[in-house]
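This is what each chain is made of:
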Amino acid sequence: NKHNPPNLPTGMFPLRLSALTVAFVAVLTSGRLGTLRDVHRLSDGDLPADGRRHAHEHSGPASSDSHCPSTPPENATYSLSTSLPEGCTFPRCSYFVGMRRNTENPQFLDFTLQAIIPGWVAVGFSESPSMFRANVLGCNRYLTDDSVQAIDTWNPHSPIRDNILNSNQDRICEYSPGYDNDRIYCSFSRLIEGDGTNMSLNLDEEYYLLYGTGNTPAVTPNQDSFTRHQNTPEISRQKVNPVIAGGEIRPNMFRERLIKAHGTLMVIAWPVLVGLGVFFAIWMRPALPNGKWFQIHRALMLTSILVGVLAFILIFIAHKDSDPPGLIFLHEPTPTAHFAIGITVMVLQIINPIVALFRCKPDSKHRWIFNISHGKLVGYTEIILSSINIAIGISLYLGTSHAAFGVYMTSFAYAMLLYVALYMIKFITAMRKRNEEPGLSINALTNDEEDEESAPEQDHPSKGPWLSLLLFLMVMLPLLITVIILIAAA
């Protein structure tokens, strides 16, 4: 009956060929095989909702003893679950996974996954606390038709960027994938037993659980695997057997805390400490004579080195089990850039004080070499690179749409405008003095040739440097403190 098609039996997967749907039902009776053949045309509206969700290339496991279970109820409870951030409650969780052994067919393990992410959400199973040799299951969104599919993938033990889509997707029974209001979700069941290829693991064993998400959707359904994730997945604190374990599995948040500490310490080391140290060296010499400015400058810069080295060490500890984003992976420019620029900045930060140890007196004919190398070449290079790299780091960790990124870029823009304005004022003032005292160089008039310890006391010191420092502190410090708080609270 074309207008009233029969209901498809539970677990049936129709094979769609253009507008034609062919449904085959084999019913096993006592002693003989009875076959019902029903061929009819269905529109999208006629196809049951459950059938449409299963309208993919796979048609469930081939074994008659492992046919796909019925769709789990919406209020199904999952014995094993993890939610992020830790302790969150739905729908405020940015990530959630639930697992349970299927009550209808115990050969299957049921999954429900969702995350606030536009690309994909997944859970991985690994024998080590790393992404290598991990069986990764999850929901993948595709740009071609804006669909969401549950897929079974494998991360091989090699430094490649994308994992592999398992050739046998018949072991997954998909129920309710979708993408609404920036949240991707799906429910599916997968056979517990492995497929014997070491790419689809036997889930009835103990594994570390990996909780991963990705911002970038794939392109072609049934062909493309998960795209490269921007952030290293969280990992469970210990191994668990997902078939028999129960309760809330807490991820190892120590790595997350190390990443946050790295970010906050780098903001303190560069925009705060180095920013102030450079400010005192350039603008505060007239207000702090007899080497006082230099003592403050040196203390701030040395402290910044200690804080920067600590932050540098913490991020390597945090990623000790991760695939290092080496320089060779040029097709992943953002993580590679952050890694490469970070190494470069750290080297320059250590080199620059060593250069300062070998400086000559201001009246030496070779003093210009030190002025260019220490302050202008190495100094400005590391300041520019560090500013760019902090922006890249915030975008990698929180995304460019996060408030922390916007606040940081605001502070960066304000610092640039303030420095340009102060340099213009400094140059104009020097030119006026040059007209009054012909023969003096611009460097002498702008205090660029002053010795660290012999700057003369001024009878009437200008209030300009203190006003400049006030403008710097009143705006920059609140903005940077806000960035630190936003990173820590993310």
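Higher on the page you've got the structure.
Nothing here was measured: the structure is a model prediction, and the numbers come from that model. (Residues numbered from 1 in each chain as written. Predicted model: local features only at pLDDT ≥ 70, side-chain atom pairs only at ≥ 80, totals over all residues. Heavy atoms only, no water.)

Turning next to the overall build of the protein chain. Helix and strand counts for the protein chain stand at eight helices and 16 strands. Out of the 490 residues belonging to the protein chain, those deemed buried represent 48%. Counted over contacts in the protein chain with a minimum sequence separation of 6, partners at least 24 positions apart contribute 66%. By element, 61% of the accessible surface of the protein chain is carried by carbon and sulfur atoms, the whole surface being about 25,400 Å². (Helix = DSSP H or I, 4+ residues; strand = E, 2+ residues; numbered from the N terminus. Buried < 20%, exposed > 50% of the residue type's maximum accessible area, 1.4 Å probe, protein only. Contact = heavy atoms within 4.5 Å. Areas by Shrake-Rupley, 256 points an atom, 1.4 Å probe, with all protein chains shown as cover.)

On to the pattern of salt bridges. For the structure on display, the rule yields three salt bridges. Note that Asp146 and Arg141 form a salt bridge whose closest N and O atoms lie 3.0 Å from each other. Looking at Arg141, the relative accessible area reads 12%, which means it is buried. (Salt bridge = Lys/Arg side-chain N within 4 Å of Asp/Glu carboxyl O.)

Put simply, side chains in a regular strand alternate between the two faces of the sheet. With respect to burial, strand 13 (residues 183-191) is a largely interior element, eight of its nine residues being buried. Note that strand 6 (residues 108-115) and strand 13 share eight bridges and pair antiparallel. Bridging across to strand 13, Thr112 finds its partner in Ser187. In this structure, strand 11 (residues 172-174) lies alongside strand 13, joined through three bridges in antiparallel fashion. By the bridge assignment, Ile172 is partnered in strand 13 with Arg190. (Pairing = 2+ DSSP bridges.)

This next bit is on the sheet that holds strand 9 (residues 148-155). With antiparallel pairing, six strands are arranged side by side in an open sheet as 10-9-8-7-14-15. Lying at the two open borders of the sheet, with one neighbouring strand each, are strand 10 (164-165) and strand 15 (234-235). Two strands pair when backbone bridges link them, and strand 14 (residues 208-214) and strand 15 are joined in this way by two bridges, in the antiparallel orientation. By the bridge assignment, Leu210 is partnered in strand 15 with Ile235.

What follows is about unusual backbone geometry. What you tend to see is this: most non-glycine residues have negative phi, and most peptide bonds are trans. That bond from Leu84 to Pro85 is cis: its omega, 0°, falls within 30 degrees of zero. Looking at the secondary structure, you find Pro85 in the loop between strand 4 (80-84) and strand 5 (95-101). Of note, the phi angle at Asp146 is positive, near 55°, even though the residue is not glycine. Along the polypeptide, Asp146 turns up in the loop between strand 8 (134-141) and strand 9. Looking at Asp146, the relative accessible area reads 45%, which means it is partly exposed.

The final tally for this structure, using the stated rule, is 13 aromatic pairs. Between Tyr95 and Tyr211 the ring centres are 5.7 Å apart and the planes differ by 65°, which places this aromatic pair in the edge-to-face class. Taken as a pair, Tyr95 in strand 5 and Tyr211 in strand 14 lie far apart in primary sequence, 116 residues in all. Comparing Tyr95 with Tyr211 shows no difference in burial state: the two are buried. Relative to Phe188, the ring of Phe111 has its centre 5.0 Å away and its plane inclined at 15°; by these criteria the two rings are stacked. With Phe111 in strand 6 and Phe188 in strand 13, this pair connects stretches of sequence that are 77 residues apart. Members of the aromatic cluster, connected to one another through ring pairs, are Phe279, Trp283, Tyr419, Tyr423 and Phe472. We note Arg100 situated over the ring of Tyr78; from NZ or CZ to the ring centre the distance is 5.6 Å. Above the face of the Tyr179 ring, Arg141 is positioned so that its terminal group lies 4.0 Å from the ring centre. (Phe/Tyr/Trp six-rings, centres within 6.5 Å; stacked < 30°, edge-to-face > 60°. Lys NZ or Arg CZ within 6 Å of the ring centre and 35° of its normal.)

This brings us to the side chain of Asn352. Within the fold, Asn352 resides in helix 4 (residues 333-357). You can call Asn352 buried: its relative accessible area is 5%. A polar side-chain atom of Asn352 sits 3.2 Å from a polar atom in the side chain of Glu382. With residues near it in sequence (within four places) discarded, Asn352 still touches Ser373, His374, Val378, Gly379 and Glu382. (Polar contact = N/O pair within 3.5 Å; in protein donor to acceptor, adjacent residues only side chain to side chain.)

We now examine the pairing of strand 8. Most of strand 8 sits out of view: eight of its eight residues are buried. Of the strand pairs in this sheet, strand 7 (residues 120-126) and strand 8 are connected by six bridges, and their pairing is antiparallel. The partner of Gly124 across the bridge, within strand 8, is Val136. Between the antiparallel neighbours strand 8 and strand 9 lie six residues, among them Asp146 with a positive phi of about 55°.

The subject of this paragraph is the environment of Tyr175. Mapped onto the secondary structure, Tyr175 falls in the loop between strand 11 and strand 12 (178-180). Between the alpha carbons of Tyr175 and Ala150 there is a distance of 8.8 Å; along the sequence they are 25 residues apart.

Turning our attention to the state of the cysteines. Under the criterion given, the structure shown has two disulfides. Note that Cys68 is cross-linked by a disulfide to Cys173, the S-S spacing being 1.8 Å. When the S-S torsion is -75°, as for the bridge of Cys68 with Cys173, the disulfide is left-handed. Taken together, the positions of Cys68 in the loop between helix 1 (49-53) and strand 4 and Cys173 in strand 11 put the pair 105 residues apart, joining distant regions of the chain. No difference in accessibility class separates Cys68 from Cys173, as the two residues are buried. Here Cys139 connects covalently by a disulfide to Cys186, the sulfurs 1.8 Å from one another. With the S-S bond torsion at -75°, the cross-link from Cys139 to Cys186 turns out left-handed. Taken as a pair, Cys139 in strand 8 and Cys186 in strand 13 lie far apart in primary sequence, 47 residues in all. (Disulfide = S-S within 2.5 Å.)

Moving on, we get to the packing of helix 5 (residues 367-398) against helix 6 (residues 403-436). Relative orientation of the contacting elements helix 5 and helix 6 amounts to 160°, with a least axis distance of 9 Å. On the basis of their axis angle, the class for helix 5 and helix 6 is roughly antiparallel. For the element pair helix 5 and helix 6, the recorded crossing hand is left-handed. Between helix 5 and helix 6, the contacting residues are Tyr380, Ser386, Ser387, Ile390, Ala391, Ile394, Ser395 and Leu398 on the first element and Ala404, Phe405, Tyr408, Met409, Phe412 and Tyr423 on the second. Of the residues assigned to the contact of helix 5 with helix 6, the class counts are eleven nonpolar, three polar and no charged. (Axes fitted to C-alpha atoms, helices over the stretch in contact; angles between N-to-C directions. Parallel < 35°, antiparallel > 145°, perpendicular 65-115°, else oblique. Left-handed = near helix turned anticlockwise from the far one by under 90°. Nonpolar A, V, L, I, M, F, W, Y, C, P; charged D, E, K, R; others polar.)

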